[in-house]
Amino acid sequence: MVDGGLWAIPLLVVLLGVLGYGTAAYSSALRSRGAGTSWVGAFGTPGREVARLLLGQRNIVPGSDVLLARIGTALLPLAAIMALLVLPFGTRAITDMSVGVVWFNAMEVFSWVAVWMVGWGSNSAWGLIGANRFLAQGLAYELPQMFSLIAVGVGAGSLNVSEIAAAQGTLWYVVSMPVAFLMFLISAMAFAFWGPFSQAVASDAAGGAATQLSGVDRLVFLVGRYLMLTVASAMAVPLFLGGDAGPLLPGWAWILIKTVLLLAVMVWARHRLPTIRIERFTELSWVILMPLTLLQALVVSIFVLIGWM
Amino acid sequence: MELTRLLLRLSVPRAFVFTVPGSTAIRLTVERALRERGWAEALSPADADILVVCGDGQVAMKAMTDRVWDQIPSPRSRIRILTPEAVPAQLDEAKSALLDLDAMRIDATTREQEQAVAVESASGAMNMSAAAHDHAAMGGSPGGHDHGADHDRAAMTMPVGDHDHGAMDMSDAGQEQAPMDMPEGGQDHAATDMSGGDHDQGSDHDDMGMVGGLAMARRGDDRDGLKLDQLHVALGPVLPDWPAGLVLRLVLQGDIAQSAELEVMGENGGGSFWISADDDATDEARFGAAAAADSLQRLLAVAGWRSAALTGRWLRDELLSSEPDAPSHPRFVRWIRRVRRSRALRWSTNGLGIVDATELNKELRGDATARWIRWTDEILAVAAPSSGGSIAVGSSATTGRAARTRAAISLLPSLVTGQDLSSVRLIVASLDPDIEALPSQVHLARHG
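Residues numbered from 1 in each chain as written. Chains lettered and ligands numbered in written order. Predicted model: local features only at pLDDT ≥ 70, side-chain atom pairs only at ≥ 80, totals over all residues. Heavy atoms only, no water.

### A closer look at the overall build of chain A
In plain terms, the rule: Runs of E in the DSSP output that reach at least two residues are strands. Runs of H or I that reach at least four are helices, and both are numbered from the N terminus. This radius of gyration counts C-alpha atoms alone. The globule rule is 2.2 Å times how many residues there are, raised to the power 0.38. Per-residue accessibility, obtained with a 1.4 Å probe over protein chains only, is compared with the maximum for each type, and a residue is labelled buried under 20%, exposed over 50%, and partly exposed between these values. Whether two residues touch is decided by their heavy atoms; if any such pair falls within 4.5 Å, the residues are in contact. In these tables, accessible area is a Shrake-Rupley quantity obtained with a 1.4 Å probe, and a residue counts as shielded only by the protein chains included in the view. All tallies of charge rest on Lys and Arg as positive and Asp and Glu as negative; His and the ends of each chain are not included. Every charge is mapped to an atom, namely NZ of Lys, CZ of Arg, CG of Asp or CD of Glu.
For chain A, the count of helices and strands is eleven helices and zero strands. Reading chain A from its N end, one meets helices and strands in the order α-α-α-α-α-α-α-α-α-α-α. In terms of overall size, chain A behaves like a compact globule, its C-alpha atoms giving a radius of gyration of 19 Å where 309 residues would be expected to give roughly 19 Å. Expressed along its principal axes, the backbone C-alpha trace of chain A runs to roughly 60 × 40 × 40 Å. A burial count over chain A gives 59% of its 309 residues as buried. Taking all contacts inside chain A whose residues are at least 6 apart in sequence as the whole, residues at least 24 apart take part in 77%. Accessible surface, chain A as shown: approximately 11,500 Å² in total, 76% of it carbon and sulfur. Computed over 15 positive and 12 negative side-chain charges, the inter-centroid distance for chain A is 13 Å.

### Quick look at the overall build of chain B
For chain B, the helix and strand inventory stands at 18 helices and ten strands. The buried share among the 448 residues of chain B stands at 60%. Considering only intrachain contacts with a sequence separation of at least 6, the fraction spanning at least 24 residues in chain B is 68%. Counting only carbon and sulfur atoms, one obtains 52% of the accessible surface of chain B, whose full area is about 17,000 Å².

### Structural notes on the interface of chain A and chain B
Accessible area lost upon the coming together of the parts is a frequently used measure of interface size. Stated formally: Think of a salt bridge as a Lys or Arg side-chain nitrogen and an Asp or Glu carboxyl oxygen that are within 4 Å of each other. Identification of polar contacts relies on pairs of N or O atoms within 3.5 Å, with a donor-acceptor requirement for protein atoms, meaning one able to donate a hydrogen and the other able to accept it, and with residues adjacent in sequence counted only if both atoms are side-chain atoms.
Each partner contributes residues to the interface: chain A has 53 residues there, and chain B has 70 residues. Counting the contacts that link chain A with chain B gives five salt bridges. Ionic pairing is found between A:Arg277 and B:Asp420, a salt bridge with its closest N-O pair at 4.0 Å. The tally of links between chain A and chain B comes to 22 residue pairs in polar contact (both at pLDDT 80 or more). Counting only elements with at least two residues in the side of chain A that touches chain B, the list comes to α1 (8–35), α2 (45–55), α5 (125–156), α10 (251–272) and α11 (278–305) of chain A. Per-element tally for the side of chain A that touches chain B: the top contributor is α2(A), with seven residues.

### A short note on the pairing of strand β3 (residues 77–81) of chain B
Residues and elements named next belong to chain B. The test is simple: Paired strands, in this sense, are two strands between which DSSP finds at least two bridges. Orient the strands so they point away from the viewer; a crossover is then right-handed if the path from the first strand over the helix to the second runs clockwise.
Burial along β3 is one-sided: the face carrying Ser-77, Ile-79 and Ile-81 is buried and the face carrying Arg-78 and Arg-80 is not. One ladder, built from five bridges, connects strand β2 (residues 50–54) with β3; its direction is parallel. Bridge assignment links Cys-54 to a residue of β3, and that residue is Ile-81. You can see the chain leave β2, run along helix α3 (residues 59–70) and come back into β3, and the turn it takes is right-handed.

### A word on the packing of helix α2 (residues 24–37) of chain B against helix α4 (residues 87–98) of chain B
Residue and element names in this part refer to chain B. Put simply, the rule reads: Where helices are involved, their axes are fitted lines through C-alpha atoms of the stretch in contact, as for all axes, and angles between N-to-C directions lie from 0 to 180°. These descriptions rest on fixed angle ranges, namely under 35 degrees for roughly parallel, over 145 for roughly antiparallel, 65 to 115 for roughly perpendicular, and the rest for oblique. Whether a crossing is left-handed or right-handed is set by the direction in which the near helix is turned from the far one by less than a right angle, anticlockwise for left-handed and clockwise for right-handed. Residue polarity follows a fixed list, in which Ala, Val, Leu, Ile, Met, Phe, Trp, Tyr, Cys and Pro are nonpolar, Asp, Glu, Lys and Arg are charged, and the others, Gly among them, are polar.
The N-to-C vectors of α2 and α4 enclose an angle of 55°; their axes lie 10 Å apart at closest approach. Regarding the angle of α2 to α4, the classification is oblique. Once α2 is placed against α4, the crossing between them reads as right-handed. Side by side, α2 and α4 meet where Ile-26, Thr-29, Val-30, Ala-33, Leu-34 and Arg-37 of the first sit next to Val-87, Pro-88, Leu-91 and Asp-92 of the second. Its residues assigned to classes, the contact of α2 with α4 comprises seven nonpolar, one polar and two charged.

### Topic: the pattern of salt bridges
According to the stated counting rule, one finds 31 salt bridges over all chains in the structure shown. For B:Asp49, the salt bridge goes to A:Arg52, with nearest N and O atoms at 2.7 Å. Taken together, the residues B:Asp49 in the loop between α2 and β2 and A:Arg52 in helix α2 connect one chain to another. For the pair B:Asp49 and A:Arg52, one class covers both residues: buried.

### Examining the confidence of the model for chain B
All names here are of chain B. Keep this limit in mind: pLDDT measures the predictor's confidence residue by residue and takes values from 0 up to 100.
With 69% of its residues at a pLDDT of 70 or more, chain B shows a mean pLDDT of 73. Within chain B, no element has a lower average pLDDT than helix α8 (residues 163–176), which sits at 32, and none a higher one than helix α18 (residues 421–431), at 92. Under a pLDDT of 50 for its full length, residues 441–446 has, in the predicted model, 17 contacts with residues more than four places off or in other chains. Our summary of model confidence lists the complex with pTM equal to 0.83 and ipTM equal to 0.90.

### Focus on a positive patch on the surface
Put simply, the rule is: Note on patches: the residues involved have over 30% relative accessible area and no salt bridge, like charges join within 9 Å, and the nonpolar side chains Val, Leu, Ile, Met, Phe, Trp and Tyr join within 5 Å.
On the surface, a cluster of positive charge is made up of A:Arg33, A:Arg272, B:Arg334, B:Arg337 and B:Arg341. Looking at which element gives the most residues to the positive patch, the answer is helix α14 (residues 330–341) of chain B, with three residues.

### Considerations on the environment of A:Trp254
Here A:Trp254 is to be found in helix α10. Spatially, the C-alpha atom of A:Trp254 lies 5.5 Å from that of A:Asp244, the residues being ten residues apart in sequence.

### Structural notes on the packing of aromatic side chains
Residue and element names in this part refer to chain A. Put simply, the rule reads: Think of it this way: a Phe, Tyr or Trp ring, Trp meaning its six-membered ring, pairs with another when their centres are within 6.5 Å, and the plane angle makes it stacked under 30 degrees, edge-to-face over 60, tilted otherwise.
Counted under the stated rule, the structure contains twelve aromatic pairs over all chains. Summarising the aromatic geometry, the rings of Phe-181 and Phe-240 are spaced 5.4 Å apart at their centres and angled 65° between planes, so their arrangement reads as edge-to-face. Placement of the pair is Phe-181 in helix α8 (residues 178–191) and Phe-240 in helix α9 (residues 215–240), with a sequence separation of 59 residues. When its relative accessible area of 0% is taken as the criterion, Phe-240 is described as buried. Geometrically, the ring pair formed by Phe-184 and Phe-240 is tilted, given 5.7 Å between the ring centres and 50° between the ring planes. Linking Phe-184 in helix α8 with Phe-240 in helix α9, this pair joins segments that are 56 residues apart in sequence.

### A word on the pairing of strand β1 (residues 15–19) of chain B
All names here are of chain B. The buried fraction of β1 amounts to five of the five residues, a majority that puts the element mostly inside the structure. Across the two faces of β1 the burial is the same, with Ala-15, Val-17 and Thr-19 and Phe-16 and Phe-18 all buried. Note that β1 and β2 share five bridges and pair parallel. In the sheet register, Val-17 faces β2, and the bridge partner there is Val-52.

### So, the sheet that holds β1(B)
Residue and element names in this part refer to chain B. In spatial order, the strands read β1-β2-β3; together these three strands make up an open sheet with parallel pairing. Edge positions in the sheet fall to β1 and β3, since each of these pairs with one other strand and no more. Going from strand to strand, the sheet's axes swing by 15° on average, the running direction of each strand aside. Its contacts with the sheet place α3 against β1, β2 and β3, and it is angled at close to 155° to β3.

### What about the packing of helix α17 (residues 401–416) of chain B against α18(B)?
Residue and element names in this part refer to chain B. Axis separation between α17 and α18 bottoms out at 10 Å; the angle between their running directions is 165°. Classified by the interaxial angle, the pair formed by α17 and α18 is roughly antiparallel. The crossing of α17 and α18 is right-handed. On the side of α17, the interface is formed by Ala-408, Leu-412, Leu-415 and Val-416, while α18 contributes Val-424, Ile-427, Val-428 and Leu-431. Of the residues belonging to the contact of α17 with α18, the class tally is eight nonpolar, no polar and no charged.

### Here we look at α2(B)
Residue and element names in this part refer to chain B. Just so we agree on the cut-off: The span you would expect from a helix comes to 1.5 Å times its residue count less one.
Across its 14 residues, α2 extends 20 Å between first and last C-alpha, which sits within 8% of the 20 Å expected from 1.5 Å per residue. Thr-24, Ile-26, Arg-27, Leu-28, Val-30, Glu-31, Ala-33, Leu-34 and Arg-35 are the residues of α2 that are buried. At the C-terminal side of α2, Gly-38 shows a positive phi close to 75°.

Okay, here's the thing in structure tokens:
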């Protein structure tokens with residue numbers, strides 16, 4: 001459907017927004033069901049929340065670094081949109097660069113600095129704690145995530161996202177590299193500070209990095225978070241789920257279906273799991289996930305060397 | 001104009017609920033009403049539209065609610081609920097107040113001006129005299145409002161704990177160069193814990209200087225032998241998912257509590273809801289299970305499991321209602337099993353706040369996990385009696401409440417010292433002291 005070209009950018013951003021809205025709506029529907037209220041109305045909830053935040057006054061705390069916090073807030077959706085550029089939808093991405101995976105990784109790391117700037121700039125102990133939690137979380141998930149991306153790159157012999165999707169042929173990487181896939185999903189939730197990895201904005205720290213955000217600032221921050229989550233799910237499709245491969249339906253439909261399924265998994269995880277404390281996640285990450293992903297990369301490298309991949 | 005009206009009508013308000021000790025009955029009704037209406041609860045005043053104060057506090061509480069109110073961005077409205085029966089009507093009233101566009105515009109303009117003055121004074125007050133000067137200027141800021149003297153007004157837009165010292169009282173304290181010790185700053189901490197960021201008032205102004213008119217944190221040795229900034233943060237009494245009336249003053253380095261001091265705002269002495277209502281409750285076990293469900297939902301919320309916490313509230317409301325079979329609905333049994341089986345939750349709470357069993361506190365024995373598992377036992381015994389909830393029904397859940405709270409309060413400071421903030425919150429939630437069960441005294445405990 002999309003074959004490169006600048007005109008595809010607004011189209012894809014809108015599509016991303018629709019997916020993000022759907023994610024938020026599904027999440028609030030699950031929440032309403034758990035709270036014993038009608039889940040039908042929940043599909044309008046994100047829209048109503050947008051209306052509320054559009055009207056809200058912006059919060060300015062004395063002694064806060066307003067510029068820093070606002071740059072951080074805006075950075076989040078911008079980074080998600082930039083990450084979108086290398087996402088193949090149809091046959092090619094908007095800019096099908098040869099190092100697409102690295103580009104995606106670089107954009108995703110922006111959420112570190114974005115969340116940290118928002119938390120630090122708010123001049124609040126809660127914000128500071130949330131910001132520092134996110135840095136610790138970043139240190140925990142980033143290295144295993146990079147090893148799983150390396151496994152994918154080695155397996156495909158390329159860092160170009162479209163080529164990686166094409167290289168999977170009949171055996172998707174989700175089958176041949178399950179550990180890497182799992183790690184990518186974990187890291188997707190982690191850099192969108194979502195569900196079990198939402199300690200940076202957790203309720204035990206009164207909203208953490210987002211404590212002092214109100215009105216349109218909070219709106220941009222939250223939109224950025226949903227866009228991040230959506231773009232990460234969409235990226236998992238070419239990296240692990242064979243891109244647009246699938247019977248009967250056209251390629252773009254398969255991409256959509258796979259993305260939506262992954263988003264559903266993430267929403268499910270949010271409602272089924274409590275937040276994992278940073279302390280525990282760091283331990284898990286360095287003691288278990290890191291060796292496992294290293295092993296995964298090693299196995300893939302050996303397979304490539306002996307010509308099985 | 002029309003668009004604004006439309007957006008106002010579309011938006012679902014968020015409530016920030018503050019419970020004055022002794023008002024649990026009102027809090028429960030409010031939480032039920034919010035849940036049924038689908039109004040979310042805000043985690044911080046900045047994200048709230050309606051300030052809901054449950055109960056009638058005394059002067060200190062009034063000052064606190066005023067300061068929370070000042071942190072809520074416009075459009076906003078506030079209600080003080082004094083009886084459970086008044087809840088639905090007052091919530092409706094708060095919602096319709098939000099729709100009054102003209103009033104909201106005036107409120108927004110006033111608040112904006114106050115904010116601007118506060119920010120300006122904070123950035124301008126690079127020395128003591130400037131601070132004193134701005135103090136005077138602040139009193140003359142335009143825009144009417146209904147509370148307090150100039151003193152309050154300055155404090156109002158200062159969302160951060162001791163900042164009112166920084167920007168305002170600095171004029172007195174600073175000139176003497178006398179280090180203010182924390183107990184004095186106490187009231188202010190308590191009032192504004194929501195926005196956190198208490199900069200150490202004990203700091204030596206000559207050394208540390210000021211940033212944005214606010215005193216900077218002082219450094220101290222931490223447990224690893226490093227020198228780190230010390231932040232004084234008070235948890236409570238205005239904090240979501242926190243026991244009403246409890247104040248825990250922490251000295252944080254990073255997010256590790258180096259020392260903790262506990263205070264109880266026991267103004268009421270009216271007896272705990274979970275004890276006093278016991279007499280006319282037909283089923284003691286059911287009432288005890290409701291108390292356990294209330295504690296459990298709070299722990300789940302603190303653990304970051306919001307949807308499970310909401311189901312816990314739903315179950316609690318059903319347990320308190322008169323319908324006999326509602327709590328045994330399969331969905332609640334499923335929910336309680338899911339919580340019990342959750343490895344992630346156990347993993348988070350394992351080993352936190354270990355209490356050795358003595359006669360005094362045997363209901364608190366074990367770690368946080370052991371404590372919340374006992375709550376689920378209690379609930380399961382009522383919700384699914386056939387499935388072998390293995391505890392003695394109607395255990396001393398209500399009878400030993402005062403003793404348990406006393407034990408929890410004496411243990412708390414030593415249990416939380418050396419823990420990071422999320423562990424501190426989980427430990428407090430797992431002990432869930434019921435301040436209302438205590439006689440009306442001020443209790444102090446210190447550790448660190």
